[in-house]
Amino acid sequence: SSLPIIMVGHVLSVLCLFIGLCLAGTYHAGVVEHIPIGGATPNDTILANTEQYLADAAYASSQGVDLLVYPEFGLGGNYTDRDSILPWCLEMPQPGAPITPSDGILFLFSSTARKYNITMAINTCEVVPCDSSVPSCPSDGRFQYNTEIVFGHMGEFLAKYHKSHVALKQCFDQPDPYDVVTFKSAWGVTFGVFVCFDIAFSEPVQAIHALGVRHFVYSSEIPLFLASDVLFPAWSLRYGSTLLASNLGPKYSGMYVDGTTIPATRSPPIAPAGDVVLMASVNY
């Protein structure tokens, strides 16, 4: 009789529906509109912007945000040449390593993520000393990378990404091969990471997409209205993905899925310098 087969098929359909509903969910994301704060010295500048970042995280957490993305170059910097940007660059451990007070500003970010139970994606600069034993070592004895770092809600160092396509080549080195970086969030969603100029190239996004990743954090400095109106939604449509884009400055940040802007709530200006966080619920 075909009845048992029909019944089995019905049961499987119900189970698939049930499992699908169980796997589906929502997280709350935020992207920061930030104008860099100046200081008398590079260290003063970094600390002033970090103070604002920590205030942003505190506010976002109070609104239930799970993941907060900051813009490219938000901690400040002098991008004249390699020497001018060096004071803004950090030596840092590999993801998974414990973060201690000796890690300086990284410890502040880690502690803040843990304190507010929030995941933070932050753009900075990493310096990696090298010598002649490394064939590609620059003549000044160091690699300098435009770097995205991610701290999880328990303060753990989840990810480190070196920007694969560098626009400011007078300041930064370009990894070879390109960097493919993902991280898994506390709510089970895996995110891909890329930065600014990377959006104009198929890699590393295509490699990440091939892994089944459909959610991406993205820090940028693109001073064009076309970024939020055209470029970002077009990218999310092309890859059938969710893009959480924090763009430097008071405009052009947003969150997008399958070519559509996700409606977001704007925070009031956050002291001390008036950052705004765009916040939205994102389905997965």
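See the structure shown above.
Please read these numbers as outputs of a predicted model, since none were measured by experiment.

Novice: Help me understand helix α2 (residues 42–62) in this model?
Specialist: Since the α-helix turns once every 3.6 residues, residues separated by three or four places project in the same direction. The terminal C-alpha atoms of α2 lie 30 Å apart, and with 21 residues this matches the ideal 30 Å at 1.5 Å per residue to within 8%. Buried within α2 are the following residues: Thr45, Ile46, Ala48, Asn49, Thr50, Gln52, Tyr53, Asp56, Ala57 and Ala60. Tucked inside the fold, the buried residues of α2 contact β1 (26–33), β2 (67–69), α4 (105–116), β4 (119–129) and β14 (276–283). Count one or two residues on from α2 and you reach Gly64, which has phi positive near 85 degrees.

Novice: It is not clear to me how the state of the cysteines should be interpreted in this structure. Could you clarify?
Specialist: Each disulfide consists of one covalent bond between the sulfur atoms belonging to two cysteines. According to the stated counting rule, one finds 2 disulfides in the structure shown. Bridging Cys89 to Cys125, the disulfide has an S-S length of 1.9 Å. Residues Cys89 and Cys125 are joined by a disulfide whose S-S torsion is about 70 degrees; by sign, that bridge is right-handed. One end of the pair, Cys89, is in strand β3 (residues 89–90); the other, Cys125, is in strand β4, with 36 residues separating them in the sequence. Owing to a relative accessible area of 10%, Cys89 belongs among the buried residues under this scheme. A residue is classified by how much of its surface remains accessible, and Cys125, at 4% relative accessible area, is buried. Here Cys130 pairs with Cys137 through a disulfide, and the sulfurs are 2.0 Å apart. Residues Cys130 and Cys137 are joined through a disulfide that is right-handed, its torsion about the S-S bond being 80 degrees.

Novice: Hey, could you run me through the pattern of salt bridges in this one?
Specialist: For side chains bearing opposite charge, pairing can occur when the charged atoms are close. Evaluation of the coordinates by the stated rule reveals 7 salt bridges. Note that Arg82 is salt-bridged to Asp173, the shortest N-O span being 3.1 Å. Within this pair, whereas Arg82 is found in helix α3 (residues 82–85), its partner Asp173 is found in the loop between β6 (157–162) and β7 (182–184), the two being separated by 91 residues in sequence. Accessibility classification places Arg82 together with Asp173 in one group, the buried group. Its salt-bridge partner being Asp140, residue Arg142 comes within 3.7 Å of it at the nearest N-O pair.

Novice: Would you mind going over unusual backbone geometry with me for this structure?
Specialist: Across the chain, the bulk of peptide bonds are trans and the bulk of non-glycine residues have phi less than zero. Cis peptide bonds are those with omega within 30 degrees of zero, and the linkage from Glu203 to Pro204 qualifies with 10 degrees. You can see Pro204 is positioned in the loop between β8 (190–195) and α5 (205–210). Residue Pro272 is bonded to the preceding Ala271 through a cis peptide linkage, with omega at 10 degrees. Structurally, Pro272 is set in the loop between β13 (265–266) and β14. For Cys196, which is not glycine, the phi torsion reads 35 degrees and is therefore positive. Note that Cys196 resides in the loop between β8 and α5. With relative accessibility at 9%, the residue Cys196 sits in the buried group. Positive phi outside glycine occurs at Asp258, with the angle close to 50 degrees. Note on Asp258: relative accessible area 43%, which makes it partly exposed.

Cut-offs applied
Residues numbered from 1 in each chain as written. Predicted model: local features only at pLDDT ≥ 70, side-chain atom pairs only at ≥ 80, totals over all residues. Heavy atoms only, no water. Helix = DSSP H or I, 4+ residues; strand = E, 2+ residues; numbered from the N terminus. Expected span 1.5 Å × (residues − 1). Buried < 20%, exposed > 50% of the residue type's maximum accessible area, 1.4 Å probe, protein only. Contact = heavy atoms within 4.5 Å. Disulfide = S-S within 2.5 Å. Salt bridge = Lys/Arg side-chain N within 4 Å of Asp/Glu carboxyl O.

By themselves, these figures tell us nothing about what the structure is for.
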